[in-house]
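Descriptive analysis of the structure
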Amino acid sequence: MNPLATVVKSIWWHSGEAVRPAPQLRLPTGDVELVVNLSADRFWLPGGDEGRERYPGAVLAGPYQRAYVLRPERRSQVVGVVLRPGAARSLVGAPLHELRNRHVGLDELWGADASLLRERLLAAPGPVARLRTLEHVLHDRLARSGRTPHRLAVRATACLSATPGRHGIGDLAEHLGWTARRVEQVFRSEVGLPPKVYQRLRRFRVALGKLGDETPDWSAFALEHGYSDQAHLVREFRAHCGLTPVAYVRRRGEQLNHVPLAW
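Each chain carries its own residue numbering, running from 1 in the written order of its sequence. For a predicted model such as this one, the threshold for reporting local features is a pLDDT of at least 70, and the threshold for listing and counting side-chain atom pairs is 80 or more; totals across whole chains, interfaces and linings nevertheless cover every residue. Excluded from the side-chain calculation are hydrogens and water; included are all heavy atoms of the structure.

A look at the layout of surface pockets
- Only protein atoms enter the 1 Å grid, on which a cavity is a set of points fitting a 1.4 Å probe that cannot get out and a pocket is an open set with protein on both sides within 12 Å along at least 5 of 7 lines, lining residues being those with an atom within 4 Å of a point. Grid points are joined across faces, edges and corners, and a volume is the space filled by probe spheres set on the points. In this structure, the largest pocket encloses a volume near 1200 Å³.
- If you go around the largest pocket, you meet 44 residues; those closest to its centre are Trp 12, His 14, Gln 24, Leu 70 and His 258.
- To qualify as a helix, a DSSP run of H or I must reach at least 4 residues; to qualify as a strand, a run of E must reach at least 2; elements of each kind are numbered from the N terminus. Only β1 (8–17), β2 (24–26), β3 (32–37), β4 (42–46), β6 (58–61), β7 (68–70), β8 (75–83) and β10 (258–260) provide two or more residues apiece to the lining of the largest pocket.
- Per element, the largest residue contribution to the lining of the largest pocket is six residues, and it comes from β1.
- Put simply, the parts of the chain that give the lining of the second largest pocket at least two residues each are α5 (151–162) and α8 (195–210).
- Per-element tally for the lining of the second largest pocket: the top contributor is α5, with four residues.

Okay, here's the thing in structure tokens:
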């Protein structure tokens, strides 16, 4: 297997223009994501006294467990890399709990290599060449890091993703052949979220993906997806995105992770 495939879940590209871009609620995934702005040398992201903070044109989004508001630019050209849970530290370098619920400039982690990455992407002739350039840079950096994904972190996140909401941490540790304390330590550094938080977030993500256009029987839906009852489902939705399930279905956009907000 290509070593990069063990660390990178997906690479995406977005290019668009809007007369009046509406703010969006970005829902949490628990993933770590590298994002490069190719239409401007900065990002405006949540933070700061005024609710927005200026970041450089290449940033790393840590594992978020709650939603935040994005205000898109009129013209945008952005490329992103979603890293696999439990494997992201191989490319990031830093312990992932330091990035929890926050963005950081990629230069804080990669130094001058962050600016060089953006320069190489801008110099590439078109989207396909840029994506190939990005793959080459990531492959080279992974090779130079000498790190491989932590075996326990990969196994544990895969286990929780396969059966979200159905494992106690003690049961998970016993299944993996490790102590609960060791599982907690590895999740802290390699995933960035505590096991219970990661488990709750995976259950929420599965539920999101199962919501169709028709309103379900919410009590049955809750039980089917690992919640004790409808009230539990509502509490978890509010905790992760600030919306009830009904409000999410009514307001959601074309993308699972983005909810358009009114001006």
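Further notes follow.
Side note on the sheet that holds β3
- One requirement defines pairing of two strands: DSSP has to find at least two bridges between them. The five strands are arranged β1-β8-β3-β6-β9 in an open sheet whose pairing can be described as antiparallel. The open sheet has two edge strands, β1 and β9 (103–105), and neither has a second partner. The average undirected angle you get between the axes of adjacent strands in this sheet is 20°.
- Pairing geometry for β6 and β9, over three bridges, is antiparallel. The partner of Val 59 across the bridge, within β9, is Gly 105.
- The criterion used for residue contact is that any of the two residues' heavy atoms lie within 4.5 Å. Whenever a helix is involved, its axis is fitted only over the stretch in contact; in every case the axis is a line through C-alpha atoms, and angles between N-to-C directions fall within 0 to 180 degrees. Lying over the sheet, helix α4 (residues 127–145) contacts β1, β3 and β8, oriented at roughly 145° with respect to β1.

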